[in-house]
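# A structural walkthrough
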Amino acid sequence: MTVRTKIFALVLFSFVTMVLLAVPMPAWAQVTVIHVSLGGDIQGAINQAADIINGATPTDVVIEVDPATYVPTVFFGFEVSGINNPLFTVTLRSEEGPAATILDASNVANNAIRGFGTRNLVVDGFTIRNRIPDQTNFIGRGIFMRNATGIVVQHCHFDTTFQGAVFQITDPTFSSQASVVDNTGVAGQGTDVNAPGFVETQAPSMQFSFPLGTSVTGESRLVAANNVFRCNGSCVRYIALALDANGNIIGSFSNGSLVMTGNDVSSSLAGGFNIIGGHAHVISGNRFHDGNTGGFFQGAVSGVIENNVIFNNTEHGLFLSTVGPLSQDFPGEDRVIRHNTIVNNAGTGIVYIDGTGTQTLLPNVYNNVIAFNDAGGAAAVVATASTFAFIPVSFNLTKNDNYGNTLRNFGASFSNFNYIGISNPGAAAPNYSGVINTGQDLSVVPGFRAAQFEDFSLMSSSMLVNAGITSRPRPFQDFAGNLRDAQPDIGAFEVVSTPVLNVRSNPLRKGPKDQ
């Protein structure tokens with residue numbers, strides 16, 4: 001293999017040791033570097049790194065990889081299960097970035113990278129490709145981790161037919177921590193016209209399922225930040241399912257959370273995000289646009305959805321629902337939807353579906369722009385085996401701008417949820433269907449700066465400036481990172497002296513954000 005030998009690593013280690021003798025340095029500064037030369041043996045380097053971190057004199061390890069395309073030689077992909085020392089980190093890093101350095105498992109392996117019990121692994125700067133039009137033998141997954149923690153995936157590009165990165169938990173006591181940051185990705189058909197369009201694919205996903213009644217004590221967290229993803233299925237998922245004896249979904253577990261910030265995502269078949277279960281989720285400062293649904297928030301005890309721009313989706317902006325019994329509650333935690341701009345969606349701006357008939361997990365909704373959606377602004381429906389009707393429930397609506405919504409798509413057949421066959425269609429109204437109108441909202445022209453160019457920041461003359469409620473908590477910053485003052489504006493943007501377009505540059509590009 002064209003990997004620098006362990007002797008090189010020991011020589012480097014000896015050099016670091018000499019430096020330590022001359023100038024005191026903290027122990028964490030010791031790093032062994034393994035270099036994979038052009039077309040070399042990445043698996044051999046990974047195995048060597050595992051030997052070092054689990055050896056007699058362990059150090060952190062950096063595997064530097066020359067630009068080339070690297071193909072795993074076994075069906076499960078590059079194996080990183082041996083990276084499992086909780087005290088030391090292994091970084092697998094390309095030297096020239098994802099455009100030049102590719103891990104390609106297409107038609108070779110289920111995964112490009114696989115790990116069971118992996119600890120403290122950083123994957124940095126690769127194209128992770130697994131594009132398999134024929135799913136008979138392989139499923140086209142990028143990264144698969146089971147019961148792994150301390151995982152960071154950054155500066156990569158996912159190009160997969162199935163899932164980009166999956167973090168699976170099978171131990172109810174285990175806490176997994178994973179971060180997916182500054183990546184781009186196409187999951188699903190992408191540019192491959194031969195790929196099966198029916199494969200519902202995600203980018204990063206954290207998931208577990210156990211029988212209802214299982215004592216789940218782990219508190220896992222998936223962080224997805226500053227990524228650009230295009231998917232067939234829900235792009236970013238946190239799924240915590242409770243199952244019956246036959247494996248059917250009957251509820252959710254309230255453990256763990258998704259933190260999703262600063263992403264630009266679009267899903268052609270499902271949602272920009274999909275949450276089932278968990279608590280204390282944070283969905284903040286994202287663009288969910290030009291896809292199917294902005295996002296799903298289902299069976300979750302608590303979380304905040306704030307500062308997002310949700311627009312041009314073919315179905316709903318936000319879809320909230322109950323999914324059955326919860327494993328536990330967290331008193332004092334709440335479900336808050338605030339300071340979002342939800343506009344120009346073909347479905348409902350915010351729709352709540354009560355699938356249990358209990359009217360639980362209702363959100364508190366304030367300081368949002370909910371405008372120009374074509375199946376109503378805010379709606380609440382009970383949908384059980386015996387009842388399908390709009391229901392009067394309270395979202396504690398305050399200081400939202402609920403304006404200009406229509407019912408032109410009220411009778412449309414949406415794939416995720418539609419109103420066809422509802423028993424009281426006369427309860428539908430452009431801005432409030434079922435949801436109690438508190439009389440504390442506004443209904444005025446939002447005054448966007450340039451909506452035709454997808455700039456939904458407010459003009460200084462907008463009636464939404466300084467019009468938000470001040471007695472409820474608000475985000476410290478707006479979508480663009482501007483500070484919110486004591487008189488917050490309604491929607492995702494505060495008016496500032498210099499206009500800020502709600503666009504995100506390629507996170508892989510180097511240099512200042514404003515270039």
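Overview of the structure. (Residues numbered from 1 in each chain as written. Predicted model: local features only at pLDDT ≥ 70, side-chain atom pairs only at ≥ 80, totals over all residues. Heavy atoms only, no water.)

As summarised here, the arrangement of the 12 strands in space is β1-β2-β5-β8-β11-β14-β17-β21-β24-β27-β30-β33, forming an open sheet in which the pairing is parallel. Since the sheet does not close on itself, it has two edges, and those belong to β1 (31-36) and β33 (364-366), each with one partner. In this sheet, neighbouring strand axes are inclined to one another by 10 degrees on average, regardless of whether the strands run parallel or antiparallel. Two elements, strand β17 (residues 221-225) and strand β21 (residues 257-261), share five bridges in a ladder whose sense is parallel. The residue of β21 that forms the bridge with alanine 225 is threonine 261. (Pairing = 2+ DSSP bridges. Helix = DSSP H or I, 4+ residues; strand = E, 2+ residues; numbered from the N terminus. Axes fitted to C-alpha atoms, helices over the stretch in contact; angles between N-to-C directions.)

Glancing now at the state of the cysteines. Tallying each qualifying case throughout the model produces one disulfide. Shown here is the disulfide that connects cysteine 231 with cysteine 235, its sulfur atoms set 2.5 Å apart. Between cysteine 231 and cysteine 235 the sulfur-sulfur dihedral comes to about 125 degrees; the bridge is accordingly right-handed. Taken as a pair, cysteine 231 and cysteine 235 share a single burial class, namely buried. (Disulfide = S-S within 2.5 Å. Buried < 20%, exposed > 50% of the residue type's maximum accessible area, 1.4 Å probe, protein only.)

Let's shift gears to the packing of aromatic side chains. This model, assessed by the stated rule, comprises 20 aromatic pairs. Ring centres 5.3 Å apart and planes at 55 degrees place the aromatic pair phenylalanine 273 and phenylalanine 288 in the tilted group. Here phenylalanine 273, found in strand β23 (residues 271-276), pairs with phenylalanine 288, found in strand β25 (residues 287-289); they are 15 residues apart in sequence, far enough to count as distant. Linked through ring pairs, Phe296, Phe319, Phe388, Phe390, Phe410, Phe417 and Tyr419 together constitute an aromatic cluster. Looking at arginine 146, its charged tip hangs above the ring of phenylalanine 116, at a distance of 4.8 Å from the centre. (Phe/Tyr/Trp six-rings, centres within 6.5 Å; stacked < 30°, edge-to-face > 60°. Lys NZ or Arg CZ within 6 Å of the ring centre and 35° of its normal.)

Ranked by internal contacts, the top residues of the largest apolar core, which has 86 residues, are Ile63 and Phe395. Counting residues per element, this core draws most heavily on helix α2 (residues 42-53), which supplies seven residues. Sequence-distant contacts of isoleucine 63, defined by excluding residues within four places in its chain, comprise Ile34, Val36, Ala45, Ile46, Ala49, Val90, Thr91, Leu92 and Arg93. Val369, Val444, Leu458 and Leu464 belong to the second largest nonpolar core, which has 16 residues in total. (Core = buried A, V, L, I, M, F, W, Y, C linked by side-chain atoms within 4.5 Å. Contact = heavy atoms within 4.5 Å.)

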